[in-house]
Structures are given as C-alpha cells and as structure tokens.
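# Secondary and tertiary structure notes
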Amino acid sequence: MTVKNSPPETKNQWQSIVREFEQVLGKGCVVRRKEELLTYECDGLAAYRQRPALVVLPRTTKEVAEAVKLCDRYNLPWVARGSGTGLSGGALPIENGVVIVTAKMKRILEIDWENRSAIVQPGVINNWVTQAVSGAGFYYAPDPSSQIICSIGGNVAENSGGVHCLKYGVTTNHVLGLKIVTPNGSIVDVGGQVPEMPGYDLTGVFVGSEGTLGIATEITLKILKTPESICVLLADFATIEAAGTAVTDIIGAGIIPAGMEMMDNLSINAVEDVVATNCYPRDAGAILLVELDGLEVEVQGNIQRVAKLCTQNGAREITTATDAETRLKLWKGRKAAFAAAGKMSPNYFVQDGVIPRTKLAAVLREIEALSERSGYQIANVFHAGDGNLHPLILYNGGEPGAFAAVEKVGEEILRLCVDAGGSLSGEHGIGADKNCYMPQMFNEIDIESMQYVREAFNPKGLANPGKLFPTPRACGERANMQQIAPIKGAELF
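Residues numbered from 1 in each chain as written. Predicted model: local features only at pLDDT ≥ 70, side-chain atom pairs only at ≥ 80, totals over all residues. Heavy atoms only, no water.

## Looking at a nonpolar patch on the surface
The cut-off we apply is this: Only residues whose relative accessible area exceeds 30% and that form no salt bridge are eligible for patches; like-charged ones are grouped when within 9 Å, while nonpolar side chains (Val, Leu, Ile, Met, Phe, Trp, Tyr) are grouped when within 5 Å. All accessibility values rest on the Shrake-Rupley procedure with a 1.4 Å probe; residue burial counts only the protein chains present in the view. We count a salt bridge whenever a side-chain nitrogen from Lys or Arg sits within 4 Å of a carboxyl oxygen from Asp or Glu. Helix numbering and strand numbering both begin at the N terminus, where a helix is a DSSP run of H or I of at least 4 residues and a strand a DSSP run of E of at least 2. With a 1.4 Å probe rolled over the protein chains alone, any residue whose accessible area is under 20% of its type maximum counts as buried; one over 50% counts as exposed, and the rest are partly exposed.
On the surface, a cluster of nonpolar side chains totalling about 400 Å² of accessible area is made up of Tyr200, Leu202, Val205 and Val453. Tracing the chain through its elements places Val453 in helix α16 (residues 444–457). Take Val453: its relative accessible area is 36%, and that puts it in the partly exposed class.

Right, here's the structure in full:
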C-alpha cells in the first residue's frame, strides 16, 4: 500500500510540525538531530536501513493518539517501534516519515490474580511479566529468544512465539484484549478479560498485523499457573536427520512437550565457543532439547517414553534435568544461539519458515545441499516441535554483492518451506524482508482480501506502508535498502 497524499517537503513545514509534536509530547520526547535518529534507522534486521525524518516517544494512550492525529493531518507515514529487536524489517522507518516509539510506555498497569490476567503497556519487556507474577506461582508463556529485551507491543505486532509455543501457542493465544489507537487517532477497545467475546474477533485480526492497523497501547494478557513438575531432556544424535525423525516420532506418540528445540553441529560449536555451557557435545550432528511439564506422574511417564523414542532413533546420550538451575543451564545455549552466530561470521541473515514436522529430515537435507551449492554456510537452530526453522546464512557483508546473493539463498529456503506445505513465517513476521514472497503462498484474491482489512483500518495508508504485502518499489529495491535513502524536506535536522 502506498501513501495516498504527499507529506510535507519544505523546511518551514517540517519546523512547524516539530513544534506541534513538542507541544503535544514535550521537547524531551521528540528526537530530530541526525546523529540521534541513527539509533532508529533499522530493527534487528540491520541489513535494511532508512533514517526517519522524526522520532517521537509518547508515554500514554492519549499522547499516542495525538501523535497519530498529527501524522494524519500532515499525511506523514509512520511506523510503530518497540525495542527494535524484530528480524523482518517490520520497524524499518519510512522515507520522510515518523517513528512512534513505545519504549517509554513500560508500566504493568494491573494484575488480576483471580482471573489470571495482566494489563500492560506496549513497552513492557516480555520477561518482566513473568518476573512480576512468578512470586505468586504464575508465568507468561510466550518466550522468544530475545525475551529479556523484546517488548510486548512488538510481540503483539509480530505474533511472536518462542520455545513454549509448541504446547501453549503463540502471542495471539495469550492476548485477551487490546486498547488500540487507529491510524486516524481514534482510541478503540477490542476483546476483554474473558477468552471469548461476541462479534468479530478484532483482537485476533490485530495481533500479527505488523503495525499496519494501528498501535496497541494497553494489552490484556493471559497468565498461566506454573506447572507442578518440569523436566528438560538433552539428547545428542550423530545426524540432524536422525534428530528430526525423533521429533516426528515423539509427536506421533501423542506426547506434546512444552518445547522441543534442535541445534545442528555448526550452532552447537558456536554456542560452546561463546557461552561455554559444557553441556552440548561438540561432535554431535545435532542435539534435541525436550521440555516436559505438567503433573509429576505425567512428566515422569513421559520422560521414559521420550528417552526411549530418542534411543530408538540413534540418540548417543540422554541427559535429564529437573532442578531449575540445571534446566536453565541446558537452555542457556539455545537462547544464546543467534548471538553466538556472530562469532562464526561477520554477518548472518536469518529466516523463519515453517514446515510440517514430518518433512523435517527431507527439508534439512535440502538446506544442506543448498549450502553446498551456494558456498554459504547455514547454521540451523529452530523450534523443531512445530517445524519453525531458523536457518542462519553466514556471510561477509563487506564483499560486493554478498547480501543480494544471501537474500537469494533465503528465498530458496522459503520456497522449500512453502512447497513442503509450510509457511513463510512462524514468528518473525513478513515486514520488509518477505513481503515480495507473499505471492508464493497466496494468490491475488487472497492478498486483495487481506488488503480490504488493512484499508478499513488504514484508508490513507499511513500506518507502516510498504510492509507485509508486496509493492513494486519494495520488490524492486529491497536488496539496496541497506543504503540509506535521502530524506526529502528533513535536511534541516
């Protein structure tokens, strides 16, 4: 979707706009100096960069609404941003546009123990929710690897998952209600504090909409009771294909672990080099981490069943941990895998396609063959239980043409996923990275139908334009986005 009206382009217009933002938010909440704007030029997908014209940091729902109304009045395209940890370019700024950052909105507003819910602002960090409720025996289930820094608002925008999404679902399964600022500045409440509400499921429509339908300013989350018993198993295999077959057999046996994660040899050694857990055998072709939770008797029975299935598929050794400290140690390497990839290569490009579990072994073989053909190493670390792959393509960004070549490798991996009956994304979102590939998964009528929803909320196209759906400009220039484009009219900053 393109913006339907031209934003201001003269120095005097921008100066007037800045003054209006400062009147609404205060001077300390408006960022306009060039060197300060660099902080916001990209999200976790740092290969795509674009300096915004202006950044604003509202603190309340009312201030968000006023900021959006100003953007609407002056036809300024805008992008909502949380912690900036996204990996699909969803928070990539728009040329000549505004970034609305929710980082100052970081209060947990209410905890309702009886109804097992919490109301939080979008800038609240994911892990803060569990920290706030753990003393009473509760936790918040969605747990992306970046949970110590990613924000709930960003999780809602991208419908984030994590280790425990296999059993407990992704963000949408844990959001009961939302207070939303729509792209014209209206404040709307959807959902509530009960699991099912009459009428259209607008909460479900909004979660995962990647900032194209508005900004969530208050989020009602479901919190869960901490399980009676938890055990983590670590099984190591000679090959990644054997580990993949073990995953299929575990789920096929009717066992639903809280989480089931896999790392290949490249990832194992990177993690041990950086984190030094001394838990992961360096000579293993792959390791499988399986977390089981529930009643004590259920967990004990499933430990034996999972261990047997892993052994039948060639597991060389199986380690179990029930105490919190050892469980944390076993998970530590998996949580640090993306960061550890920086030890292996100057740059890496990560995708998050999804495949049916039964296709794990076959698709992983194809990715290995693709690595050999392309000449780029690919490290695999992923949510094996639900088939959500995270291939990390290693490259040197200083080599001319390297990033464009790596993008092609990423596209081939996504095509493999779709051809196998899977999806373009499991939790990172489409953003600016994968919008060109949407026609691989959806036909023209599918995409047009989704655009109707977007236009109903966002008729001017000001909210996060150019994301989620393919556009000629995005598809034609995507590989060159790492070069910062000029900002018309904003040179005064």
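## Regarding the pattern of salt bridges
Evaluation of the coordinates by the stated rule reveals 18 salt bridges. With a closest N to O distance of 2.6 Å, Asp236 and Arg316 form a salt bridge. Residue Asp236 is located in strand β12 (residues 229–237), and its partner Arg316 is located in the loop between α10 (296–312) and β15 (317–321); the two are separated by 80 residues in the primary sequence. By relative accessible area, Arg316 is classed as partly exposed at 40%. The residue Arg415 makes a salt bridge to Glu411 at a minimum N-O spacing of 3.3 Å. Of this pair, Arg415 and Glu411 both sit in helix α14 (residues 402–419), four residues apart, which is roughly one turn of the helix. The class of Arg415 is partly exposed, set by a relative accessible area of 38%. Overall, the relative accessible area of 17% leaves Glu411 in the buried class. Counted as one network, the salt bridges with shared partners bring together Asp236, Asp283 and Arg316.

## Re the environment of Ile355
The criterion, for reference: Between two residues, a contact is recorded if the distance between any of their heavy atoms is within 4.5 Å.
Relative to the helices and strands, Ile355 is located in the loop between β16 (347–350) and α13 (360–374). Of the residues examined, Ile355 reaches a relative accessible area of 3% and is grouped as buried. Sequence spacing of Ile355 and Leu414 is 59 residues, and the spatial spacing of their C-alpha atoms is 9.6 Å. Every residue in contact with Ile355, bar those within four places of it in the chain, is listed here: Leu360, Val363, Asp386, Gly387, Leu389, Cys417, Ala420 and Gly422.

## Things to note about the confidence of the model for the chain
Defined as follows: How sure the predictor is of each residue is captured by pLDDT, a score from 0 to 100.
Looking at the chain, the pLDDT average stands at 92 and 94% of residues meet or exceed 70. Predicted confidence for residues 479–489 stays below pLDDT 50, and this span has 33 contacts to residues more than four positions away or in other chains.

## Here we look at helix α8 (residues 240–252)
Where we set the bar: Helix span, as expected, comes to 1.5 Å for every residue beyond the first.
Taking 1.5 Å per residue as the helical rise, α8 with its 13 residues ought to reach 18 Å, and the 18 Å between its terminal C-alpha atoms agrees with that figure. Just past α8, the residue Gly254 takes up positive phi, approximately 85 degrees.

## Things to note about the sheet that holds strand β10 (residues 215–222)
Put simply, the rule reads: Strand pairing is assigned whenever DSSP detects at least two bridges linking the two strands. Axis lines are fitted through C-alpha atoms, for helices just across the contact stretch, and the angle between N-to-C directions can take any value from 0 to 180 degrees.
Overall, antiparallel pairing links the five strands, which are arranged β5-β6-β10-β8-β9 in an open sheet. The sheet is open, and its two edges are formed by β5 (108–112) and β9 (187–191), each paired on a single side. Averaged over all pairs of adjacent strands, the angle between strand axes in this sheet comes to 15 degrees, irrespective of strand direction. In terms of strand pairing, β5 meets strand β6 (residues 117–120) through four bridges, oriented antiparallel. Along β6, the bridge assignment pairs Asp112 with Ser117.

## Looking at the sheet that holds strand β17 (residues 378–383)
Reading across the sheet, the seven strands line up as β15-β12-β14-β13-β17-β18-β16 and stay open at both edges, with antiparallel pairing between neighbours. This sheet does not close on itself; its edge strands, each paired only once, are β15 and β16. Neighbouring strand axes in the sheet, compared pairwise and without regard to direction, differ in orientation by 20 degrees on average. For β12 and strand β14 (residues 286–294), the ladder comprises nine bridges, and the chain directions are antiparallel. By the bridge assignment for β14, Ser229 is matched with Gly294. The strands touched by α8 are β12, β13 (259–264), β14 and β17; relative to β13, the strand with the most contacts, the crossing angle is about 170 degrees.

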